[in-house]
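# Notes for the structure review
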Amino acid sequence: MTSPAKQDAQHSDFRKYLPDLNTPRFQAIAQNDAYGHAKELLDHHRPPWLYGLYAHWRNLFQEPFRGVTNDGKVRPGLFELRDEGIPAAAIASAAQAIIAQLTPAQVARTLLHIDSPEWRSWSNPEFLVSDKGIRLDEISAELRESVLSLLQTTLSPEGYAKAVAAMRINHFLGELVNAPKVMNEHSYNFVIFGTVSETRPWGFSFYGHHLCLSVFLYRTQVVVSPWFTGAEPNVIDDGPHKGTRILHEEERLGLELMQSLSDEEKTKATVYAKMKDPAMPKGRWNHDDQRHLCGAYRDNRVVPYEGVVVGSLSPKQQDLVRQILTQYLLYLPEKSRELKLQDCADWFGETYFSWIGACGDDDPFYYRVQSPVVLVEFDHHSGVFLANADPAKFHIHTLLRTPNAGDYGFALRNLPVEGAVAQEYVWEG
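First, a word on what this report is: a plain description of the structure on this page. This is a predicted model, so every value here is computed, not measured.

### Structural notes on the packing of aromatic side chains
With the rule as written, the count across this model stands at 23 aromatic pairs. A centroid spacing of 4.5 Å and a plane angle of 15° characterise the contact between Tyr-305 and Tyr-352, whose relative ring orientation is stacked. Linking Tyr-305 in the loop between β7 (270-272) and β8 (308-309) with Tyr-352 in strand β9 (residues 352-356), this pair joins segments that are 47 residues apart in sequence. One aromatic cluster is present, built from ring pairs that chain together Phe-65, Trp-119, Phe-193, Tyr-408 and Phe-410. The ring of Tyr-331 has Lys-162 sitting right over it, with the charged end atom 5.1 Å from the ring centre. One cation-aromatic arrangement involves Arg-413 over Phe-410; the distance from NZ or CZ to the ring centre is 4.1 Å.

What follows is the structure, encoded as structure tokens:
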């Protein structure tokens, strides 16, 4: 098992891979704001591989939402309405404080229908390819603080701290590569879906480079899914936020679990021995998602089970899985997190842990934990802005999906509701 000191050194290695800022790519991004940078992709198709992925995303977007599954069939009855102790009144009040400050033009862009397909148009790259809502680095400080207040009121304290850390690391990357107008602490968009209410379903999306949160609220219940959190690098080693680091626990716990398996279990868990394995079928790896399967626009992906069944592991190993899932459920307030962690544990007999890569202390890797009620992915990436050609420990992507139509609260909003608008109507004028 890797030591904290060794893990720290691996994350600090990014300084060896700082890019040449005199190249045309970095000269262009230094001069552009978010909109000019987006035109590089949307109008000029640069870089071509990412434009190809974007075109594929838009094709996926045309499909009606079904949800991630393991076999193409959505299982009913997995989710229920329940009291998770969410402060519905405080959250609604925080959202109303945002709405009160919006101009008519901002209202039109920011307040969308609860069933709008734009729930699904978030994406992780720094290119602003879905320009909706308000962007935090363009609005007043008061309105920006109101948006952050809503996040803080909705998420757990530790989840909010993680989100802020991801935003600060994005700012740090913008400084490293001289792209502060494209990547900064506030280069994120915010949208509300539905009518803000203490009793009816609604939600919001907060998305940008390396942080995308889809939040669905219904009374005292919350769904934060799908979400994406990444970092390149995953540590700040200079400036006012020096020492900020994220995703190291997900890394440490995943490696500890894999290293704890028997040789037979490791063989069963390992789907591919190499990070870019010749045995991978076409499409199992791509330039941007790399090994991830369930990133942006992959709302209907069929992901067959792979690996070793968690229920067959020892109690200590199952506890490591719980610790991993606790990290992935960190955005949720404590009671909601505990309930959802129990949901996950109830399905350990149909929960699979799978791995790509080697599992030595120095090796980059990918892992996935997947069941009918949760799917999480962890991946070490090669450089996007940094110059490492191979996956490295300091560039990490993580995500969470709720399979079987759990994403965006779809499974909950299809359940019978009390207080629905009456269908009957008679004009009595």
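Anyway, onward from the coordinates.
### Things to note about the side chain of Asp-407
Looking at the secondary structure, you find Asp-407 in the loop between β12 (396-401) and α13 (410-413). Within the local environment of Asp-407, its side chain forms a polar contact with the backbone nitrogen of Thr-402, the two atoms lying 2.8 Å apart. Leaving out residues up to four positions away in the same chain, Asp-407 has contacts with Phe-65, Val-68, Ser-225, Pro-226, Arg-401 and Thr-402.

### So, empty space enclosed by the protein
For the coordinates displayed, the defined rule picks out three cavities of 30 Å³ or more. Size it by volume and the largest cavity reaches roughly 100 Å³. In this structure, the largest cavity is lined by 14 residues; those nearest its centre are Pro-125, Glu-126, Phe-127, Leu-128 and Gly-208. Of the residues contributing to the lining of the largest cavity, the split by class is six nonpolar, six polar and two charged.

### Describing the nonpolar core
Grouped together as the largest cluster of nonpolar side chains are 88 residues, with contacts concentrated most on Phe-190, Phe-204, Phe-206, Leu-211, Leu-325, Phe-353 and Tyr-367. Looking at this core, the element that brings in the most residues is helix α8 (residues 157-176), giving ten residues. Among residues more than four places away in sequence, those in contact with Phe-190 are Ile-98, Thr-110, Gly-133, Ile-134, Leu-136, Val-147, Leu-150, Phe-204, Ser-205 and Phe-206. Membership of the second largest hydrophobic core comes to 40 residues, among which are Tyr-272, Tyr-366, Ala-405 and Leu-412.

### Notes on the side chain of Asn-388
Structurally, Asn-388 is set in the loop between β11 (375-380) and β12. Overall, Asn-388 belongs to the buried group, its relative accessible area being 4%. There is a polar contact of 2.9 Å between the side chain of Asn-388 and the backbone oxygen of Asp-390. When sequence neighbours within four positions are dropped, the list of residues in contact with Asn-388 reads Tyr-17, His-381, Ser-382, Gly-383 and Phe-394.

### Quick word on the pairing of strand β10 (residues 366-370)
Among the five residues of β10, five are classified as buried, and the element is accordingly described as predominantly covered. Across five bridges, the pairing between β9 and β10 is antiparallel. Each bridged residue has a counterpart across the sheet, and for Tyr-352 the counterpart in β10 is Gln-370. Looking at chain direction, β10 and β11 are connected through five bridges and run antiparallel. Residue pairing across strands places Tyr-366 opposite Asp-379, the latter belonging to β11. Linking β10 to β11, which pair antiparallel, is a turn of four residues.

Thresholds applied
Residue positions are counted from 1 within each chain, in the order its sequence is given. Since the coordinates come from a predicted model, pLDDT governs what is reported: local features require at least 70, and pairs of side-chain atoms require 80 or more to be given and counted, while whole-chain, interface and lining totals use all residues. Note that water and hydrogens are dropped before the side-chain values are worked out from all heavy atoms of the structure. Two rings from Phe, Tyr or Trp (for Trp, the six-membered ring) form a pair when their centres are within 6.5 Å of each other. A pair whose planes differ by under 30 degrees is stacked, one over 60 is edge-to-face, and the rest are tilted. Strands are runs of DSSP state E lasting at least two residues, helices are runs of H or I lasting at least four, and both sets are numbered from the N terminus onward. We call a charge positioned above a ring when the Lys NZ or Arg CZ atom is no farther than 6 Å from the ring centre and deviates by at most 35 degrees from the ring normal. Here a polar contact is recorded for every N or O atom pair within 3.5 Å, except that within protein the pair must consist of a potential hydrogen donor and a potential acceptor, and residues adjacent in sequence are included only if both atoms are side-chain atoms. For this analysis, residues touch if any pair of their heavy atoms sits within 4.5 Å. Only protein atoms enter the 1 Å grid, on which a cavity is a set of points fitting a 1.4 Å probe that cannot get out and a pocket is an open set with protein on both sides within 12 Å along at least 5 of 7 lines, lining residues being those with an atom within 4 Å of a point. Grid points are joined across faces, edges and corners, and a volume is the space filled by probe spheres set on the points. Ten residue types, Ala, Val, Leu, Ile, Met, Phe, Trp, Tyr, Cys and Pro, are classed as nonpolar, four, Asp, Glu, Lys and Arg, as charged, and the remainder, Gly among them, as polar. Grouping buried Ala, Val, Leu, Ile, Met, Phe, Trp, Tyr and Cys residues that are joined through side-chain atoms within 4.5 Å yields what is termed a nonpolar core. We call a residue buried when its accessible area falls under 20% of the maximum for its residue type, exposed when it is over 50%, and partly exposed in between, using a 1.4 Å probe and counting protein chains only. When DSSP finds two or more bridges between two strands, those strands count as paired.

These values are about where atoms sit, not about what they do.
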